[in-house]
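Here is how the chains run, residue by residue.
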Amino acid sequence: MREDLEIDGGRLSRRLDELARLGALPGGGVCRLALTDEDKAGRDQVVRWMRELGLAVTIDGIGNAVGVREGLTEGPPVMIGSHIDTVRTGGPYDGNLGVMAGLEVVATLNDARVVTRRPLAVAFFTNEEGSRFQPDMMGSLVYVGALPLERALATVGIDGTTVRENLARIGYAGTALVARPGEVHAYVELHVEQGPVLEAEGFTIGAVEGVQGISWTELTLAGQSNHAGTTPMRLRHDAGYVAAEIATFARRLARELGGDQVATVGFLTLSPNLVNVVANRAVMTVDLRNTDEQRLQEAERRLFAFVEEAAATEGVGVARRSLARFQPVAFAPELVARVEGIAKELRLPVRRLPSGAGHDAQILASVCPACMIFVPSARGVSHNVEEFTSPADIASGATVLLRLVLELAR
Ligand code: GLV
Ligand code: MN
Ligand code: MN
């Protein structure tokens, strides 16, 4: 192995900055929601970079892009992947770092004229965020065969349009087959932590042990609109009131269950949404997460029981739809140990930790050994335009990534 190879941190940061200009928000941050024109601009740029670096790029039926660098032998590649879509108020690092670091690994190997034994692949997966179309991790789910392509294509997003029509519109309804198990030798993803632990405790590298379970539910509450001034409180069927009760309960539930349990109501719309009209309809989402599957199931049971009771008490109908459900995932122990070991060899402060966010790596883990490398997020802020990770930490993470990939592809 070439121990002397060094990534170019400046080049990596410049690519990240350049990508962040596509879909840049006035005042800072990035909006490249999946399959929008801004996402297309980001995709076009990254595919151009892949080709400039000599990668053979294929686009599959769900729009995942995979760029392959040949090795000395044929066979399944070591894959470096993540996503380049963002939430509506995103930063430049979430997902993008993993893909740009993959390009930096390839550029470093190209400059040094190093050919690995196994092929390498750099991939970005469609709609990891799940903000516009649910479930999240859609592209990687299709890639591993856990979500049928047809079902993914038929998904209707928050603006009423389908994945299929948007993929066609932006020119990313590709023809490559989605992969089958055995087509990836190992998967590695470098990502920002998106939480406060590494920075607060003074660590540069996180060796990610796994990802917590995720449960997304959409609730539609159907009441009766009526006059806000004339309708006595006892005669109301107020969908807005029940939605507020559910949001409050979710917060209380997380506090009561304690441990790792978190609960978020991030989406809520009321109809007709007017000052003097009782709401006849509320649509809301509840995001529950826990590292422990049993406790996550308990949270779901208690939430759903409360929803039924609160709706019945107010005389409001309720329809429940699961938007996403993932059990906790453990990454390959030998890879987690190698991330830790490489960081120690490089004298980078490292600790093990679980991931609070969902990642494509957890989906790839069902078909090959997979792992993640985290670098600190300033103040633990992410899914926020102020997301920031220092260039030095980015370079450290990419260095660990390069070493690990060289070991895996040896
Ligand atoms: C994806 O970013 C998630 O919601 O965890
Ligand atoms: Mn991400
Ligand atoms: Mn994200």
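In this text the structure is predicted, and so the values were computed from the model without any measurement.

Visitor: Explain helix α12 (residues 391-408) to me, using residue names and the numbers behind them.
Guide: Along its 18 residues, α12 runs 26 Å from first to last C-alpha, staying within 8% of the 26 Å computed at 1.5 Å per residue. In terms of residue burial, α12 counts as a mostly covered element, since 16 of its 18 residues are buried.

Visitor: Quick one: what's the story with the pairing of strand β5 (residues 186-192), residue by residue and with numbers?
Guide: Among the seven residues that make up β5, seven are buried, leaving the element largely enclosed by the rest of the structure. With three bridges joining them, strand β3 (residues 78-82) and β5 adopt parallel strand pairing. Paired with M79 across the two strands is Y187, which belongs to β5. Note that β5 and strand β14 (residues 370-375) share six bridges and pair parallel.

Visitor: Account for the site of ligand 1, with residues named and values stated.
Guide: Taken together, E128, E129, W216, R289, A357, G358 and H383 form the complete shell of residues around ligand 1. Considered on its own, ligand 1 offers 200 Å² of accessible surface; in the complex 94% of this is hidden by protein. Considering only residue class, the shell around ligand 1 consists of two nonpolar, two polar and three charged.

Visitor: Please give an account of the pairing of strand β6 (residues 205-211) that cites residues and values.
Guide: Burial within β6 is extensive, with six of its seven residues counted as buried. The pairing of β6 with strand β13 (residues 350-355) spans six bridges and is classified as parallel. Within the sheet, the bridge partner assigned to A207 lies in β13 and is R352. The pairing of β6 with β14 spans three bridges and is antiparallel. Of the residues in β14, the one forming a bridge with G206 is F374. Sheet topology places β6 next to strand β12 (residues 329-330); two bridges connect them, and they run antiparallel. When the sheet's bridge partners are listed, G210 is paired in β12 with A330.

Visitor: I'd love a proper account of the packing of aromatic side chains, names of residues and values included.
Guide: Counting across every chain of the model gives four aromatic pairs. Each ring, one from F125 and one from Y143, has its centre 5.4 Å from the other, and the planes form 70°; the classification is edge-to-face. Residue F125 is found in the loop between β4 (120-124) and α4 (138-143), and its partner Y143 is found in helix α4; the two are separated by 18 residues along the sequence. Like F125, the residue Y143 is buried in the burial classification. Aromatic side chains F125 and Y187 sit 6.3 Å apart centroid to centroid with 50° between the ring planes, which places their arrangement in the tilted category. Here F125 is found in the loop between β4 and α4, whereas its partner Y187 is found in strand β5, with 62 residues between them in sequence. Neither F125 nor Y187 differs from the other in exposure class; each is buried. Taken together, F125, Y143 and Y187 form an aromatic cluster joined through their ring pairs. The aromatic ring of W49 is capped on one face by R15, whose charged end is 5.5 Å from the ring centroid. Here the guanidinium or amino end of R320 rests over the ring plane of F304, the centre of that ring lying 3.8 Å away.

Visitor: Report on the state of the cysteines, specifying residues and quantitative values.
Guide: By the definition in use, this model includes zero disulfides. With no disulfide of its own, C368 lies closest to C371 among cysteine sulfurs, the gap being 9.7 Å.

Visitor: Pulling in residues and values, what's your account of unusual backbone geometry?
Guide: Look at the link from Q134 to P135: it is a cis peptide, with omega at 10°. With omega at 0°, the peptide bond leading from S271 into P272 counts as cis. Topologically, P272 is positioned in the loop between β9 (268-271) and β10 (281-290).

Visitor: Describe the coordination of the manganese ion (ligand 3), naming the residues involved and giving the relevant values.
Guide: Here the manganese ion (ligand 3) is held by the protein donor atoms D94 (OD), E129 (OE), E129 (OE) and H383 (NE2), which lie 2.1 to 2.4 Å from it. Here the manganese ion (ligand 3) and the manganese ion (ligand 2) are spaced 3.6 Å apart, and both take D94 as a donor. With D94 in the loop between β3 and α3 (96-111) and E129 in the loop between β4 and α4, this residue pair connects regions lying 35 residues apart in the sequence. Neither D94 nor E129 differs from the other in exposure class; each is buried.

Visitor: Can you explain the coordination of the manganese ion (ligand 2)? Please cite residues and give values.
Guide: Looking at the manganese ion (ligand 2), the protein donor atoms are H83 (NE2), D94 (OD) and H191 (NE2), and they sit 2.0 to 2.3 Å from it. Along the chain, the residues donating to the manganese ion (ligand 2) are arranged with the sequence spacing H-x10-D-x96-H.

Rules behind the numbers
Residues numbered from 1 in each chain as written. Chains lettered and ligands numbered in written order. Predicted model: local features only at pLDDT ≥ 70, side-chain atom pairs only at ≥ 80, totals over all residues. Heavy atoms only, no water. Helix = DSSP H or I, 4+ residues; strand = E, 2+ residues; numbered from the N terminus. Expected span 1.5 Å × (residues − 1). Buried < 20%, exposed > 50% of the residue type's maximum accessible area, 1.4 Å probe, protein only. Pairing = 2+ DSSP bridges. Near = heavy atom within 4 Å. Areas by Shrake-Rupley, 256 points an atom, 1.4 Å probe, with all protein chains shown as cover. Nonpolar A, V, L, I, M, F, W, Y, C, P; charged D, E, K, R; others polar. Phe/Tyr/Trp six-rings, centres within 6.5 Å; stacked < 30°, edge-to-face > 60°. Lys NZ or Arg CZ within 6 Å of the ring centre and 35° of its normal. Disulfide = S-S within 2.5 Å. Donors = N, O, S within 2.8 Å, 3.2 Å for Na, K, Ca; no water.

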